[in-house]
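Residue-level structural notes
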Amino acid sequence: MTRVLSTLLSHYRRHPGQLIMLLLGLWVASALWSGIQAINATARDSYARADALFDTQLDQLERRDGMPFSRAEYHALRQAGLPVSPMLKGEVVTQDGTRLTLIGIDPLTLSNDNALAQANTSASLSDFLTPPWQTRVAPDALEALGITRENASAATPTLADGKTLPPLVLAPALPPDTLIMDIAAAARLLESGDQLTRIVAAPGALTEAPPGLTLTRATTLASPGQLTESFHLNLTALGLLAWVVGLFIVQAALGLALEQRLGMLRTLRVLGVSGRSLVLALSLELLLLGLIGALAGIASGVWLARLLLPDVAATLGSLYGAGIGQELNLPWHYWVGGLAVSLGGLLLAGSGVLWRAARLNMLKLGQMQAWRSGYRRQLSLMSIGGAFAMGVALALYVWLRFQSPGDGLVTGFTLVAALLLASALWLPPFLALLLKALTHLARRRPLIHWALADMQLQLPRLSLAMMALLIALATNLGVGSMVGGFRLTFLDWLDQRLVAPLYLNAPAEQYADIDAWLADRPEVFERLLTRRSDATLQAATTPEGSRSIGTPIELYGITPGESLTPHWPLLATQQDRSSAWAAFSDGAIFINEQLATAENLSPGDRLTLNAPGANETLTIAAIYPDYGNPSGQVLMASPQLAARFDAPPSSMGLVLSDEADVDTLRATLLERFDLGSDALSDQREIKRIATEIFERTFTITRALNALTLAVAALALLASLLTQARSRRQQLAPLWALGVPRAQLAQLNLAQLSGAALATGLLAIPLGIAITWGLVAIINVAAFGWRLPLYLFPGEMAVTLATAVGVALLAAALPTLRFWRASPRALLAEEANQ
Amino acid sequence: MSLRLRLTLRLLLIATVALTLFGCDEENQTETNSTGFAGLGQDADGFRHAEPNQPLSFPQEHAAHPDYRIEWWYITANLEDTAGEPVGLQWTLFRQALMPPSKRPAPTPWAADQLWMAHMAISQGEQHQVAERFGRSHSQAPLNTPQDSQAGVMISPFYAWLDDWQLKANEEADSSDFNHLTLTAYSGEGASRFGYRLELTAEGPLVLHGEQGFSQKAANGQGSMYYSQPFWQINGEVTINGKTKPVSGRGWLDREWSSQLLDARQSGWDWFSIHLDDGHKLMAFQLRGGSAQNADYRSGTWITPQGDATPLATNDITLTPLATSAVAGRNVPTQWRLEIPSVGIDINIEAPHANRWMTTSVPYWEGEVVVNDRASGEPLGEGYLEMTGY
């Protein structure tokens, strides 16, 4: 047994390059899996940070008279049974002058799933609650505190006013420049006495505001909400696709390495090794290689993750509750997934070989590759299989068309998978047909005719590698477009929602005075007052007739001015953008995509809206995208909303001139109207930070996507190199017939790059189909709204060039050898034939 | 996944640290742990200790004893609705000192040296609904009105609360009265709302357990201060699944405080409170493990209908588990035999419904039991059973 195994492995001693290629393939495939895990982890971290940044996760109670709450009032609310929690918010100044936001929370009453409460470290609650208390802080705020990462733990930095912070605890999920501590410690630092900045509650926990108080719902402020969930879903899809690509690559790498040893297997059988022990030895070899490759891949995946993102280790730590640095304690599915990529690929690739090894015909010594005579049959089987998969995809698509949004997520994923499978199966028959057609066309040019015929012979060996290349390229393109498109959508959305640099959040009754005061300030260009209210969508009048509906919707009032309208995207209008905005100012409404999809509405339809004391029928002028909003929304000009529905103001954006002195304006405004320090927020800063946080995720997603392509290229290279040796045998006779070497070399290069180009060209529509599946099927199935489909021609060109480049590289090596071979060697080759 | 993990982590944190009283460190729940069930056997340095010969004086003892580490106000009740269907309920206010008196922070706003936890449960048939709340207070902060603190206990008039979960003296009763109380607690909204509003009337005196209120809990002398009011007549209404119905029945209130309740080697307890139909009341508990031979420590009180108490010692009581039920992945004894020959007791105690697992941050079993005569099988009464450390 050992001898059989060592004989089998001796193949790699003679061909060390092949072993290296194989292990490399296995290694990179499972490293890819690990990398995707890391991306997902980081992405989740980004959501949490961005969510916390937008301060969206909590409903907020305020007194109508704008005065701060006292502890006694908070206790009275608790004793009335309201699930509220106290919060202190203020600013501290570090010794280098940086202003940091200080938030004091009560972890005993704050809802469990809040980002601030969640940014839990492994520290105990008792340490958080009792002296000397704790300061939770994200690592990127350390610099402002004058502390290095190494010394951060339990450090107690001194602030500009001489007070010291409670010992630091790092919490990477917290928003930047924010300190979180127990409300008792925060009260000491802020010297707030018995006063409270705000009283908060989990979103929706309060049905209505208690008497004398106003309730500000969490969604009032801009929130990426479902937008991030959607990105996360797409990342999950990326993870699954990367896993499939990994499987293909491993199979391609191994299939060829094992095939080359069919001769050796036959010899062993002739020498008396039983079929069973041969299969056993091969299985052992596969297992050994698989384990080495998988473990190396998983380990380096973590390394890769750390390399791509300095904080990813900390993220993994906070996600999996592991003390990274001392010990990496990843969840079981991480290891199982990594092993499954390697071993699954090995099993797929190996089972065919094992099956053949078991049934090896000892007498067919001379017909080593006799099985290839059946290739034609294989091609027709592939065509049938491909047609079947495509049929499934089409059927699923038709079925999905009749599903309501929010259903059919699994179907959506299955559809994309079926599409991929169909394309992969159709590729070899397609290439065979193409070659046949071209051969027919080139029958008057003998050399090209020969090259095409030769390609047909090579096709059985090439097809697996080409299938892997197709799937990798298409996935790469699909994911690239998805991530790129998502990024653009996110930036657009930020522009749309945060168009003004300064936002004012004041008690509702003060807006009129503030507005009048600001109107006289020369540095204020525009005042973008927003209003909010709830209403019921009573009925809709469409060309087909009237129907009653009765669903609750949000009314949102905006001020259509020159700073806002250019940034507000519209999906459908009755005529054009400018007439839509003109109608809007005159009292027409816009509705969001969610409402349009749910109620099947289009521009021109009329809606009857019902609110306390108001019943209005209004015309839809346009439909706009509202990424991340789970509910239907009707958009109206602020003055119209005030006049018709008596909606209270909810915030005011201030567009300022370039030379405006923001600090002075802020100070004057706050003092004059006696507003809280957080009444004015600088959205430019929020926008910048939000963009920064997400760019990080986009960057590593792109990096990993590039890695997917690299792996596919490597697999192609590996499979082509394994058959490089035989190329010389086939070229030698042509040389002997008098074809010049240069022409032969060119032919050789053209053959492979042509095949790769054809595959690459096929991958482009497939990649677009995948992107479309992700943004228009899977996203709609999951959330009820579609992401816009963006295409990036530059990226496609790079992908195509990569495919051709890899093919050229793979062909170059044997060509070079052929070029350098002495005529004598070529003659000897010819003689051997 | 991550959210789940974080939630779990958070619950674990609250459980292990915030309330060492019932800290739920799974690993520590074995027989040989070093701190007993939920850390109740922890070293109590710096705290005042429960000792014999500390005379109890009322109504002061109804208030919190912040110099002791742990304390509770514990009500269980066996009720019936108008259709005669049994309803069980529990309301508990736990107090835990975060640090010994010498290490407490100044009582600045929000600063806490006491952590509070409240549990409530309603059971009927297979239904068992549970809720939990947390709060904070400072023992040296002024406490003149309930609005001075999120949780606390005041005595004239009596008022124990955490948020809107309250046990307080009837408004018409005089300020030192402890015989007429109102108990209110609700949780959830709409169809999932549950809770109760009950009037409690004492039909007998307070009962001091052990040695004038000192209840020994281990052979080496550790123990707690412990008294009960076992004579509550209860009327009121309960809400289950959003539906409200009138109920009436009997209740039992336990007051206990201590700084080290268990010996470090004790792993948990089985505690019984029983209302016999002839008017007698019986409290009995056993602490598993702990003595030199790792034998169980048992104690109890036999109470006449007039409220005269006879303490029972380990040798007076025989407790035998007869059958276990699989609850929440554990095997919990839900049928017992209790023998106390000195007062002529040989009874079977059975939980009609095993699913009374308290899915609180520190899980335990607590539910109604029925009592039958061992020999004749004749029903003798009802009560409550609490089991920890399983």
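Just so you know, these numbers come straight off a predicted model, no measurement behind them.

1. Remarks on the overall build of chain A
Looking only at helices and strands, chain A features 25 helices and 20 strands. Residues classed as buried in chain A amount to 56% of the 833 residues present. When the accessible surface of chain A is summed, it comes to about 34,800 Å², and 59% of that surface belongs to carbon and sulfur atoms.

2. As for the overall build of chain B
Counting secondary structure elements, chain B contains one helix and 23 strands. By residue count, 58% of the 390 residues in chain B fall in the buried class. Of the contacts formed within chain B by residues at least 6 apart in sequence, a portion of 56% connects residues at least 24 apart. For chain B, the computed accessible surface area is about 14,400 Å², with 49% contributed by carbon and sulfur atoms.

3. Focus on the environment of A:Ala539
Residues and elements named next belong to chain A. By the secondary structure assignment, Ala539 is in strand β12 (residues 524–542). On the basis of relative accessible area, Ala539 is assigned to the buried category, the value being 17%. Note: C-alpha distance between Ala539 and Arg606 (67 residues apart in sequence) is 8.4 Å. Excluding residues that lie within four positions of it along the chain, Ala539 makes contacts with Arg547, Ser548, Ile549, Arg606, Leu607 and Thr608.

4. Some remarks on the packing of helix α15 (residues 446–497) of chain A against helix α24 (residues 793–820) of chain A
All names here are of chain A. Put simply, α15 and α24 touch, their axes get as near as 10 Å, and they point 160° apart. Here α15 is positioned roughly antiparallel relative to α24, judged by the angle of their axes. In this structure, the crossing between α15 and α24 has a hand that is right-handed. From α15, Leu469, Leu473, Asn476, Leu477, Gly480 and Ser481 reach across to α24, where they touch Glu795, Met796, Thr799 and Ala803. Here the residues of the contact of α15 with α24 sort into five nonpolar, four polar and one charged.

5. With respect to the pairing of strand β8 (residues 180–187) of chain B
All names here are of chain B. Counting buried positions over the eight residues of β8 gives seven, a clear majority of the element. Alignment of strand β7 (residues 165–169) against β8, held across four bridges, turns out to be antiparallel. Counterpart to Gln166 in the pairing with β8 is Thr184. Sheet analysis places β8 next to strand β9 (residues 194–202), joined by eight bridges and oriented antiparallel. Within the sheet, the bridge partner assigned to Leu183 lies in β9 and is Leu198. Where β8 hands over to β9, the hairpin turn is made up of six residues, of which Gly188 adopts a positive phi near 80°.

6. Side note on the packing of aromatic side chains
One pass over the full model with this rule turns up 16 aromatic pairs over all chains. Ring centres of A:Trp568 and A:Tyr624 lie 5.7 Å apart, and the angle between their planes is 65°; this geometry places the pair in the edge-to-face category. In this pair, A:Trp568 is assigned in the loop between β13 (545–558) and β14 (572–573) and A:Tyr624 in strand β17 (residues 614–624), connecting sequence segments 56 residues apart. Across the pair, exposure class does not vary: A:Trp568 and A:Tyr624 are buried alike. Their ring planes at 90° and their centres at 5.0 Å tell us that B:Phe158 and B:Phe178 sit as a pair that is edge-to-face. Linking B:Phe158 in strand β6 (residues 158–162) with B:Phe178 in the loop between β7 and β8, this pair joins segments that are 20 residues apart in sequence.

7. Overview of the side chain of B:Glu256
Residues and elements named next belong to chain B. Looking at the element boundaries, Glu256 is found in strand β13 (residues 243–258). Residue classification places Glu256 among the buried positions, given a relative accessible area of 6%. A polar side-chain atom of Glu256 sits 2.5 Å from a polar atom in the side chain of Ser224.

8. Points about the packing of helix α13 (residues 375–401) of chain A against helix α14 (residues 409–441) of chain A
All names here are of chain A. The interhelical angle for the contact between α13 and α14, taken along N-to-C directions, is 150°, at an axis separation of 7 Å. The angle between α13 and α14 places the two elements in the roughly antiparallel class. For the element pair α13 and α14, the recorded crossing hand is left-handed. The class makeup of the residues in the contact of α13 with α14 is 22 nonpolar, six polar and no charged.

9. A few points about a nonpolar patch on the surface
A cluster of nonpolar side chains, contributed by A:Phe430, A:Leu434, A:Leu438 and A:Leu441, occupies part of the molecular surface with about 360 Å² of accessible area. When you line up the elements, A:Leu441 lands in helix α14.

10. A closer look at the side chain of B:Asp113
Residue and element names in this part refer to chain B. Along the chain, Asp113 falls in the loop between β2 (86–97) and β3 (114–124). Its relative accessible area of 0% is what places Asp113 among the buried residues. Here Ser139 takes part through its side chain, which lies 2.5 Å from a polar atom of the side chain of Asp113. When sequence neighbours within four positions are dropped, the list of residues in contact with Asp113 reads Gln96, Ala97, Leu98, Met99, Arg104, Pro105, Ser137, His138, Ser139 and Gln140.

11. Focus: helix α9 (residues 262–270) of chain A
In terms of burial, α9(A) is largely enclosed, as seven of its nine residues are buried. The set of residues buried in α9(A) consists of A:Leu262, A:Gly263, A:Met264, A:Leu265, A:Arg266, A:Leu268 and A:Arg269.

12. A word on the pairing of β9(B)
Inspection of the sheet shows β9(B) paired to strand β12 (residues 223–240) of chain B by eight bridges, in the antiparallel sense. If you follow B:Leu198 over to β12(B), its bridge partner there is B:Gly236.

13. A word on the pattern of salt bridges
Evaluated as defined, the whole model comprises 25 salt bridges over all chains. Close ionic contact of A:Glu616 with A:Arg644 constitutes a salt bridge, the shortest N to O distance being 2.9 Å. Of this pair, A:Glu616 sits in strand β17 while A:Arg644 sits in helix α19 (residues 638–645); the two residues are 28 residues apart in sequence, bridging distant segments of the chain. Classification of A:Arg644 by relative accessible area gives partly exposed; the value is 23%. We note a salt bridge from B:Arg104 to B:Asp67, for which the minimum N-O separation is 3.8 Å. In this pair, B:Arg104 is assigned in the loop between β2 and β3 and B:Asp67 in the loop between α1 (2–18) and β1 (70–81), connecting sequence segments 37 residues apart. Overall, B:Arg104 belongs to the buried group, its relative accessible area being 12%. Sharing partners across several salt bridges, the network here consists of A:Arg78, B:Arg133, B:Asp163 and B:Asp164.

14. Looking at empty space enclosed by the protein
Residues and elements named next belong to chain B. A complete count under the given rule lists five cavities of 30 Å³ or more for this structure. Approximately 160 Å³ is the volume found for the largest cavity. Trp72, Glu256, Trp269, Trp271 and Glu386 are the residues nearest the centre of the largest cavity, which is lined by 12 residues in total. Contributing elements (two or more residues each) for the lining of the largest cavity: β1, β13, β14 (268–276) and β15 (281–288). When grouped by side-chain class, the residues that make up the lining of the largest cavity number eight nonpolar, no polar and four charged.

Criteria and cut-off values
Counting of residues starts from 1 at the beginning of each chain's written sequence and follows it residue by residue. Naming scheme: in the order in which they are written, chains are lettered from A and ligands are numbered from 1. Reporting in this predicted model follows two pLDDT cut-offs: at least 70 for local features of residues, and 80 or more for side-chain atom pairs to be given and counted; totals over whole chains, interfaces and linings ignore these cut-offs and use all residues. Hydrogen atoms and water are omitted, and side-chain values are computed over all heavy atoms in the structure. By definition, any uninterrupted DSSP run of H or I lasting at least four residues is a helix, any uninterrupted run of E lasting at least two residues is a strand, and each is numbered from the N terminus. Burial here depends on accessible area, computed with a 1.4 Å probe over protein chains only, as a share of the maximum for the residue type. Under 20% is buried, over 50% is exposed, and the range in between is partly exposed. Here the Shrake-Rupley method, with its probe set to 1.4 Å, supplies the accessible areas, and only the displayed protein chains count as covering residues. Contacts are assigned to residue pairs with any non-hydrogen atoms lying within 4.5 Å of each other. Angles run from 0 to 180 degrees between N-to-C directions of axes, and those axes are lines fitted to C-alpha atoms, restricted for helices to the stretch in contact. Angle categories: roughly parallel below 35 degrees, roughly antiparallel above 145, roughly perpendicular from 65 to 115, and oblique for all the rest. Crossing handedness: left-handed means the near helix sits turned counterclockwise from the far one by under a right angle, and right-handed means the same turn made clockwise. Amino acids are sorted into nonpolar (Ala, Val, Leu, Ile, Met, Phe, Trp, Tyr, Cys and Pro), charged (Asp, Glu, Lys and Arg) and polar (every other residue, Gly among them). DSSP-based pairing: two strands are paired if at least 2 bridges between them are found. Pairing of aromatic side chains requires ring centres within 6.5 Å, counting the rings of Phe and Tyr and the six-membered ring of Trp. Pairs whose planes differ by under 30 degrees are stacked, by over 60 edge-to-face, and all others tilted. Polar contacts here mean pairs of N or O atoms no more than 3.5 Å apart (in protein, one a potential hydrogen donor and the other a potential acceptor; neighbouring residues in sequence count only if both atoms are side-chain atoms). Each patch is assembled from residues with relative accessible area greater than 30% and no salt bridge, linking like charges that lie within 9 Å and nonpolar side chains (Val, Leu, Ile, Met, Phe, Trp, Tyr) that lie within 5 Å. In what follows, salt bridge is the name for a side-chain nitrogen of Lys or Arg lying within 4 Å of a carboxyl oxygen of Asp or Glu. In this analysis a 1.4 Å probe is tested at points of a 1 Å grid over the protein atoms alone, and where it fits but cannot get out there is a cavity; an open set with protein on both sides within 12 Å along at least five of seven lines is a pocket; lining residues have an atom within 4 Å of a point. Grid points are joined across faces, edges and corners, and a volume is the space filled by probe spheres set on the points.

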